[in-house]
There are 2 protein chains.
Amino acid sequence: MRMLGVLGGMGPLASAEFMRQLTLLTPAARDQDHVPAVLWSDPRVPDRTEARVHGGEDPLPALLRGIRALEAAGCGAIAIPCNTAHGWYAQMQAATDRPILHIVDAAAAALRRLGITGPVGLMGTTGTLAMRLYQERLGVECLTPDAETQASLVMPAVALVKANRVAEAYAPLAEVARGLRARGAAAVVLGCTEIPLGIAAGPELEFPVVDTIAALALASIGWARAELAGAAPGS
Amino acid sequence: MRMLGVLGGMGPLASAEFMRQLTLLTPAARDQDHVPAVLWSDPRVPDRTEARVHGGEDPLPALLRGIRALEAAGCGAIAIPCNTAHGWYAQMQAATDRPILHIVDAAAAALRRLGITGPVGLMGTTGTLAMRLYQERLGVECLTPDAETQASLVMPAVALVKANRVAEAYAPLAEVARGLRARGAAAVVLGCTEIPLGIAAGPELEFPVVDTIAALALASIGWARAELAGAAPGS
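Residues numbered from 1 in each chain as written. Chains lettered and ligands numbered in written order. Predicted model: local features only at pLDDT ≥ 70, side-chain atom pairs only at ≥ 80, totals over all residues. Heavy atoms only, no water.

Engineer: Whenever I open this one, the overall build of chain A confuses me. Can you help?
Structural biologist: For chain A, the count of helices and strands is ten helices and eight strands. Relative to its length of 235 residues, chain A is compact, with a C-alpha radius of gyration of 17 Å against a globular reference of 18 Å. On the principal axes, the C-alpha backbone points of chain A span a range of 45 × 40 × 30 Å. A buried classification covers 60% of the 235 residues belonging to chain A. Once local pairs closer than 6 in sequence are excluded, the contacts in chain A between residues at least 24 apart make up 71%. The positive charge centre, built from 19 side chains, and the negative charge centre, built from 22, are 4 Å apart in chain A. (Helix = DSSP H or I, 4+ residues; strand = E, 2+ residues; numbered from the N terminus. Rg over C-alpha atoms; globule rule 2.2 N^0.38 Å. Buried < 20%, exposed > 50% of the residue type's maximum accessible area, 1.4 Å probe, protein only. Contact = heavy atoms within 4.5 Å. Lys, Arg positive; Asp, Glu negative; His and termini not counted. Charge placed at Lys NZ, Arg CZ, Asp CG, Glu CD.)

And the structure:
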């Protein structure tokens, strides 16, 4: 079977956690039962929110370099454990014939597994919210934090995770999630791959959340199973 | 700078943990400060202990395929978060001009940081012990479990980690480590990358241990720092 390609490094801790979930969520009795994968972990990709919201450097060339490398390594599909990078999904998918598993579709599948159809809270980078990546694809109404909460709690917490200060990210992230719950969210989608890392660093929240790292890992395992059976898209 | 190549998948959970340690041990304030890396995670590599001890399939061709892929991706050095695979170190290093960071040298550096010169306990696969990978390179006397302990506790615990049953691996591994300590080990070297995963799943041991995943991550960060300064071996 062809290997799964993982376009990562955005951030690198989220990519490592994706590889961990890909392993732990695979039914396996020995090494040889696990999903073969290549992780291109390039943390030098220009910041995605900076590019979209503040006119920073375009990340697309770096993203396409990663995709070319994963193609060259023989990967049969690509997963990208960074939500904000999906703002360039159309351009990336247009540049390769390998299917790119969309993280928002993976989150939607997770909500279906939870049986949730009502409004959900959406936590993500300011870039992800501004690009309406979830609002226009998830198929479920999204409640989002206000701009002040986004600037004072969510973005600083994401930066803490990227700076390896994971434990400190829990309190601000949990506060935002609880605020969304109080506004009527049936579940909260952790739509930035740094956020589940911060949320996992403290006591479990008292309502359902969707970990987009785990959701994308499950979608990837589904691809690998189909690939092994000779039925994967792109095979 | 060139990327770090990681020849992994042996097992995949240890590779994910290596990527996590590579990230957490790097002083970083943002994504762009982290070490760019490519992980070739191929869990299909034939079992290394089977090959050495029971005449199983030779893993060298699969290892060399991974090295070729990492070279093609432009990696400047290679780290292999699997101790037993180092039984093929000479053949792998002969096949590439990129330096392969030796995991036993990384463990020796960790012992120096701890100030330990006395005998150490050595836990590893039966293949690693039989090939005397540590005994002939570490520079410190190694106490090893007897064959019965190896067969009844160590190897089953390593298999549990590879099968995602990590928590169950703690008790047998802690028992073996304590037995080595009782025989006079100043520290215990966890010389199989599944073993620190099992040991981390329970209460901390009451004596120093060397986590060879973290040790190899630190050696890799050292390479990356030198590479960034234009002074890495192979640059």
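Engineer: Looking at this structure, how should I read the domain arrangement of chain A?
Structural biologist: Quoted interface sizes are often the accessible area lost when the parts come together. Residues and elements named next belong to chain A. The assigned domain composition of chain A is domain 1 (3–102 + 215–229) and domain 2 (104–212). Placing a centre on the C-alpha atoms of domain 1 and another on those of domain 2 gives a separation of 20 Å. In this assembly, 22 residues from domain 1 lie in contact with 27 residues from domain 2. Between domain 1 and domain 2, the buried area comes to about 1700 Å², and carbon and sulfur atoms account for 60% of it. Contact with domain 2 buries surface across domain 1, with N83, H102 and A215 losing the most and accounting together for 39% of the total. (Domains from an automatic or database assignment. Buried area = accessible area lost by both parts, 1.4 Å probe.)

Engineer: Would you explain the interface of chain A and chain B in this entry?
Structural biologist: Listed as interface residues are 38 residues of chain A and, on the opposing side, 38 residues of chain B. Overall, the association of chain A and chain B removes approximately 3100 Å² of surface from exposure, summing both partners, and the carbon and sulfur fraction of that is 56%. Of all residues in chain A, D31, R44 and N164 of chain A give up the largest surface area on contact with chain B, accounting jointly for 20% of the area buried on that side. Notably, a salt bridge pairs K162 of chain B with D31 of chain A, separated by 2.8 Å at the nearest N-O pair. Counting across the chain A and chain B interface gives 19 residue pairs in polar contact (both at pLDDT 80 or more). By residue number, the principal contributor to the side of chain A that touches chain B is helix α1 (residues 12–24) of chain A, which donates seven residues. Partitioned by chemical class, the residues of the side of chain A that touches chain B number 22 nonpolar, eight polar and eight charged. (Salt bridge = Lys/Arg side-chain N within 4 Å of Asp/Glu carboxyl O. Polar contact = N/O pair within 3.5 Å; in protein donor to acceptor, adjacent residues only side chain to side chain. Nonpolar A, V, L, I, M, F, W, Y, C, P; charged D, E, K, R; others polar.)

Engineer: What am I meant to see in the pattern of salt bridges here?
Structural biologist: Pairs can form between side chains of opposite charge once their charged atoms are near each other. The tally for this structure, following the rule as stated, stands at 26 salt bridges over all chains. With a shortest N-O distance of 3.1 Å, R48 of chain B and D31 of chain A are connected by a salt bridge. A residue pair is termed interchain when its members come from two chains, as with R48 of chain B in helix α2 (residues 48–54) and D31 of chain A in the loop between α1 and β2 (37–41). In this structure D31 of chain A comes out as buried when scored by relative accessible area, which is 2%. The partner of R137 of chain A in a salt bridge is D105 of chain A, with the nearest N and O atoms 2.8 Å apart. Of this pair, R137 of chain A sits in the loop between α6 (126–130) and β6 (142–143) while D105 of chain A sits in helix α5 (residues 103–114), and the two are 32 residues apart along the sequence. Each member of the salt-bridge network shares a partner with another, and the members are D31 of chain A together with R48, K162 and E194 of chain B.

Engineer: Teacher, can you tell me more about unusual backbone geometry here?
Structural biologist: Residues apart from glycine generally show negative phi values, whereas peptide bonds are mostly found in trans. Residue G11 of chain A is reached from M10 of chain A by a cis peptide bond, and omega for that bond is -10°. By the secondary structure assignment, G11 of chain A is in the loop between β1 (3–8) and α1. Even without being a glycine, N164 of chain A presents a positive backbone phi close to 70°. Here N164 of chain A shows up in the loop between α7 (147–162) and α8 (166–182). The buried category is assigned to N164 of chain A, whose relative accessible area is 19%. Although it is not a glycine, R132 of chain B adopts a positive phi angle of roughly 55°. In this fold, R132 of chain B is placed in the loop between α6 (126–130) and β6 (142–143).

Engineer: Help me out: how do you make sense of helix α10 (residues 212–228) of chain A in this one?
Structural biologist: One full turn of an α-helix is made of 3.6 residues, so residues set three or four places apart face in the same direction. Residue and element names in this part refer to chain A. With 17 residues, α10 should reach 24 Å at 1.5 Å per residue; the first-to-last C-alpha distance of 24 Å fits that figure. Three or more residues of α10 are buried, namely T212, I213, A214, A215, L216, A217, S220, I221, W223, A224 and E227. You can read the cap of α10 off the contacts: a side-chain oxygen lies 2.8 Å from the backbone nitrogen of I213, and it is on D211. Residue G230 follows α10 closely and has a positive phi angle near 80°. (Expected span 1.5 Å × (residues − 1).)

Engineer: When you look at the confidence of the model for chain A in this model, what are you seeing that I'm missing?
Structural biologist: One rule of thumb: low pLDDT means the predicted coordinates there are not for detailed reading. Scored by pLDDT, chain A comes out at a mean of 96, with 99% of its residues at no less than 70. Interface predicted TM-score (ipTM) for the complex: 0.96; the corresponding pTM is 0.97. (pLDDT = per-residue confidence, 0-100.)

Engineer: What is the right way to read the environment of A159 of chain B from this model?
Structural biologist: In this structure, A159 of chain B sits in helix α7 (residues 147–162). Looking at A159 of chain B, the relative accessible area reads 38%, which means it is partly exposed.

Engineer: Hey, could you run me through the relation of the copies chain A and chain B in this one?
Structural biologist: Between the two copies of the chain lies a rotation about an axis combined with a shift along it. Superposition of chain A onto chain B requires a rotation of 180° combined with a translation of 0.0 Å along the rotation axis, giving an RMSD of 0.0 Å. Expressed as an axis order, the relation between the two copies is that of a two-fold axis. Most of the interface of chain A is mirrored in chain B, where 100% of its interface residues again form contacts. (Least-squares fit on C-alpha atoms with pLDDT ≥ 70 in both.)

Engineer: Looking at this structure, I do not really get the packing of α5 of chain A against α10 of chain A. What am I missing?
Structural biologist: Helix-helix packing: each pair is described by the crossing angle between the helix axes and the interaxial distance. Residue and element names in this part refer to chain A. One can describe the packing of α5 onto α10 by two numbers: an axis separation of 8 Å at closest approach and a directional angle of 95°. As far as their axial angle goes, α10 and α5 are roughly perpendicular. For the pair α5 and α10, the contacting residues are I103, A106, A107, A110 and R113 in the first and T212, A215, L216, L218 and A219 in the second. For the contact of α5 with α10, the class distribution of residues is eight nonpolar, one polar and one charged. (Axes fitted to C-alpha atoms, helices over the stretch in contact; angles between N-to-C directions. Parallel < 35°, antiparallel > 145°, perpendicular 65-115°, else oblique.)

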